[in-house]
Amino acid sequence: LLLTSAYTANLATVLIVEGKDSSSVKSLVDAVQGGLKICVPEGTIYEQILRRRQPGARIIPVSRGLKTQPLRDKTCAGMVEGEDAWDIWRGTAGANPGCSLDVVGTPMVRMDGSFVALASTEDLLNRYCTDKLMDLLSAIFQSMYQDNYITEAYEDTYKQSWDMGECSV
């Protein structure tokens with residue numbers, strides 16, 4: 001028997017373009033229908049999902065180490081990336097010089113993650129210890145999530161890597 005935590009973390013996939021207001025690309029569907037090249041980190045779940053959901057897309061697999069360079073040098077019209085990576089990159093001059101890049105459309109996919117643990121055995125010395133521990137952890141994470149602590153801590157963490165101010169929306 002497995003127990004899962006009630007807390008989940010959202011992992012969203014977004015489309016990044018240059019010049020959000022002037023770009024002809026307003027969504028992933030626009031890019032695919034327009035036959036535009038879409039960069040995606042090579043070998044990632046994002047590449048797999050994009051190939052499955054958008055079979056006609058002109059996909060250009062790129063090294064994640066290049067960050068947004070393929071988008072900035074016009075290798076592609078848009079770039080699919082995880083929202084977690086974009087949260088870090090959007091505030092760094094090397095990945096988003098002059099705040100020229102931004103997200104368009106809605107997230108392509110949202111994935112949830114959580115943790116699991118084996119349920120307790122009926123060991124007489126540690127009867128139901130794992131169950132109690134999982135209940136406690138779940139309650140703590142749920143409380144942290146509801147109090148917005150997790151979001152704030154996450155923002156504080158990625159903003160520490162920024163080398164420029166917040167880009168205006």
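Right above here is the structure, for reference.
Residues numbered from 1 in each chain as written. Predicted model: local features only at pLDDT ≥ 70, side-chain atom pairs only at ≥ 80, totals over all residues. Heavy atoms only, no water.

### Things to note about the side chain of E47
Tracing the backbone shows E47 in helix α2 (residues 45-53). Look at E47 and you get buried, because its relative accessible area is 12%. For E47, the side chain forms a polar contact with the main-chain nitrogen of G43, separated by 2.6 Å. Leave out the neighbours within four places in its chain, and E47 touches V40, P41, E42 and P61. (Helix = DSSP H or I, 4+ residues; strand = E, 2+ residues; numbered from the N terminus. Buried < 20%, exposed > 50% of the residue type's maximum accessible area, 1.4 Å probe, protein only. Polar contact = N/O pair within 3.5 Å; in protein donor to acceptor, adjacent residues only side chain to side chain. Contact = heavy atoms within 4.5 Å.)

### Thoughts on the packing of aromatic side chains
The full count for this structure, using the stated rule, is two aromatic pairs. Arranged with centres 5.0 Å apart and planes meeting at 70°, the rings of Y154 and Y158 form a pair that is edge-to-face. You can see Y154 and its partner Y158 sitting in helix α6 (residues 149-159), four residues apart, about one turn around the helix. Residue classification places Y158 among the buried positions, given a relative accessible area of 5%. Between Y158 and W162, the aromatic rings sit 5.8 Å apart at their centres with planes inclined by 45°, giving tilted as the arrangement. (Phe/Tyr/Trp six-rings, centres within 6.5 Å; stacked < 30°, edge-to-face > 60°.)

### As for the state of the cysteines
Every disulfide links exactly two cysteines, by a covalent bond between their sulfur atoms. Following the criterion strictly, the structure yields one disulfide and no others. Here C39 connects covalently by a disulfide to C76, the sulfurs 2.3 Å from one another. Here the S-S torsion is close to -115°, and the disulfide linking C39 with C76 is therefore left-handed. You can see C39 sitting in strand β3 (residues 37-41) and its partner C76 sitting in the loop between α3 (69-72) and β5 (78-82), a full 37 residues away along the chain. The burial state of C39 is the same as that of C76; both residues are buried. (Disulfide = S-S within 2.5 Å.)

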